[in-house]
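Remarks on the overall topology
So the chains spell out like this:
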Amino acid sequence: MKKNKEKRNLISIEILGLLLGLIWIAPFYLMIVNAFKTKRDIFSGVLGFPEEAVFSNFVEAFIDLAFLKSLFNSVLITGLSIAIIILFSSMAGYALARNKSKLSGIIFFIFVAAMLIPFQSVMIPLVSIFGQADMLNAGGLIFMYLGFGCSLSIFLYHGAMTGISKSMDEAAIIDGANRFQTFWYIIFPLLKPISVTVAILNVIWIWNDYLLPSLVLSESNATIPLKMFYFFGQYTKQWHLALAGLTIAILPVIIGYFFAQKQIINGVSEGAVK
Amino acid sequence: MQNRSLSFWLFLTPVIMGLGIVVVIPFLYGLFYSFTDWNGITANAFIGFENYIKLFQESEFMDSIWFTVKFAVVTVILLNIMGLGLALLVTRNIKSGNLLRTVFFMPNLIGGLILGFIWQFIFISVFGDIAGLTGIEGLNGWLSTTNTGFWGLVILTAWQMAGYIMIIYIAYLENIPKELIEAAKIDGASSFQRFKNITFPLVAPAFTVSMFLTLSMAFKIYDQNLSLTNGGPFNSTQMVAMEIVRTAFSDNQMAYAQAKAVIFFLIVAVIALTQVYYNKKREVEM
């Protein structure tokens, strides 16, 4: 009797969940469905399927977004930023965790405290300084991402180091390894799970960042969000093209999510709980 | 690894340079220039608190602060209710639990700029269409008034971030020992009693974490604001972050914008530190 009631309860929860899920993906449904319509088709109704699927919207958007180039820029900038954030933050996290002195405590505190500073508070001088150094380009942008991304990353690596025994280092040093060899061959591989978390958390914001690239990059070197901004401005009143462009811009993220959803969700929960 | 050792400093040099050149130096530099008539390149005169006095008298800036505060209060409450609700839902023993986690979390991976454009379409065209079909006039012109623009931003943010907050609550929910719930069941506690006396107190720390995140996120929001309403109508839905960018790069008033940015920093820092303080206090009591 009781089992039955519980079962019925579960079924109603399941239905509620699925309904909510449908509401959640409705915006994506509306985007995709209307991206296949003609301008007139959208005007006569946005909820239903297109009378006849139009692919030319996508072709036009693909060309106007210079999609392959924007994708390449996004991949290059995000990839290099993540690589240096992981390498340098893990080194710093290791050095700070293994050296328990007052000075290293202060350095660690400064890195963590810097997370309080909102981007707008450093934005204007940052652009001014990098402008004067002639560094308002992709290289400069990658360096900026190191500066903005290293705090949280060092924090996470520092926390993870407490789980790695000091005898690991000592054994390596006795075997004749220097500090860098010890770090690179012994410690860094052990930090792999936290490196995945650090990579995921940083990819999410760097890939999607708009404001910083808009201040640093020219249109010809634009990343996907920046290019999307220009593109959208051009097609404000032409939803069929705008929506096709948005669909294309989202596609790489959806594909990535499809393959790595478990790692992504675990990574985010790992980062949030720490 | 001692301070004195060369390797200690070699390991730290790249990040010290990164943080120093990108965050610390610009921050101090900006603090100094907010007291001058800096135009982004040179400063001619030290003008003391003039920029600061001016910004407190400017209604546009004060409006943007007020708008941001209202937005933060509403989104923090809403996001925590939704996040906890979704977490409770997907952690029940339902078949679609994992699928739903994936779905609810998805908007987080897509940038605020792009999501704002999608919702612009929804608020303008889809809402307009539904208004035509159902005759609900209130759905028309959602982004063209201050009030509906505000709720538009709230809806977008809630939809985008609820999945993130859900993940935080799930992490804490899954740490609750199963025996505790079972014992309460055997003792005859109703599901509401179990929630109130066991689940809720044990996920309270998640609330601390997510309140910190949602608050700072709500204050710093920019992309969604830009792409959904662009601050309109008449800058009435413009939040602080956007106001500062406008003052700097549209109006070209660098020193003045920097003074606003310093105030912005103070607001964010005070909120964050107050929160940390209260948490510490509560932890001692527990």
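Residues numbered from 1 in each chain as written. Chains lettered and ligands numbered in written order. Predicted model: local features only at pLDDT ≥ 70, side-chain atom pairs only at ≥ 80, totals over all residues. Heavy atoms only, no water.

Within an unreviewed UniProt entry, the label attached to chain A reads ABC transporter permease subunit, and the organism entered is Halobacillus litoralis. Per its UniProt entry, chain A bears the Subcellular location (unreviewed entry) comment "Cell membrane". As its UniProt record puts it under Sequence similarities (unreviewed entry), chain A is described as follows: "Belongs to the binding-protein-dependent transport system permease family." (UniProt positions renumbered as here; feature names shortened; annotations may be inferred.)

Things to note about the interface of chain A and chain B
Each partner contributes to the interface: chain A provides 86 residues, whereas chain B provides 87 residues. Of the roughly 7,700 Å² buried between chain A and chain B on both sides combined, carbon and sulfur atoms contribute 81%. It is Trp24(A), Leu116(A) and Ile124(A) that lose the most area in chain A upon contact with chain B, and together they represent 10% of the buried surface on that side. Inspection of the chain A/chain B interface yields 0 salt bridges. Linking chain A with chain B are 13 residue pairs in polar contact (both at pLDDT 80 or more), by the criterion used here. For the side of chain A that touches chain B, a count of residues per class yields 66 nonpolar, 17 polar and 3 charged. (Contact = heavy atoms within 4.5 Å. Buried area = accessible area lost by both parts, 1.4 Å probe. Salt bridge = Lys/Arg side-chain N within 4 Å of Asp/Glu carboxyl O. Polar contact = N/O pair within 3.5 Å; in protein donor to acceptor, adjacent residues only side chain to side chain. Nonpolar A, V, L, I, M, F, W, Y, C, P; charged D, E, K, R; others polar.)

Some words on the domain arrangement of chain A
Residues and elements named next belong to chain A. What the domain assignment reports for chain A is domain 1 (1-53) and domain 2 (61-272). With 9 residues of domain 1 at the interface, the matching set in domain 2 holds 9 residues. With both chains or domains summed, domain 1 and domain 2 bury close to 670 Å², and 80% of this area falls on carbon and sulfur atoms. The largest contributions to the domain 1 side of the interface with domain 2 come from Met31, Ala35 and Lys39, which together make up 65% of the buried area. (Domains from an automatic or database assignment.)

Observations regarding the environment of Asp209(A)
Residues and elements named next belong to chain A. Checked against the element boundaries, Asp209 lands in the loop between helix H10 (192-208) and helix H11 (211-216). Residue Asp209 is classed as buried on the basis of its relative accessible area, which comes to 15%. As a C-alpha pair, Asp209 and Val46 span 163 residues in sequence and 30 Å in three-dimensional space. Discounting residues that sit within four places of it in the chain, Asp209 has contacts with Tyr145, Thr223 and Pro225. (Helix = DSSP H or I, 4+ residues; strand = E, 2+ residues; numbered from the N terminus. Buried < 20%, exposed > 50% of the residue type's maximum accessible area, 1.4 Å probe, protein only.)

Details of the side chain of Gln275(B)
Residues and elements named next belong to chain B. Take Gln275: it is sitting in helix H11 (residues 254-285). Note on Gln275: relative accessible area 9%, which makes it buried. Not counting the four nearest positions on each side in its chain, Gln275 is found in contact with Thr208, Met211 and Phe212.

Here's the deal with the environment of Leu109(B)
Inspection of the secondary structure puts Leu109(B) in the loop between helix H4 (97-105) and helix H5 (112-134). Between the C-alpha atom of Leu109(B) and that of Met161(B), which follows or precedes it by 52 residues, the distance is 9.9 Å. Leaving out residues up to four positions away in the same chain, Leu109(B) has contacts with Ile204(A), Asn208(A), Val253(A), Tyr257(A) and Ile264(A).

What to know about the UniProt feature "domain: ABC transmembrane type-1" (unreviewed entry) in chain A
Following the UniProt record, the feature "domain: ABC transmembrane type-1" (unreviewed entry) maps to residues 71-260 of chain A here. A helix fraction of 81% and a strand fraction of 0% characterise residues 71-260 of chain A, whose end C-alpha atoms lie 19 Å from each other.

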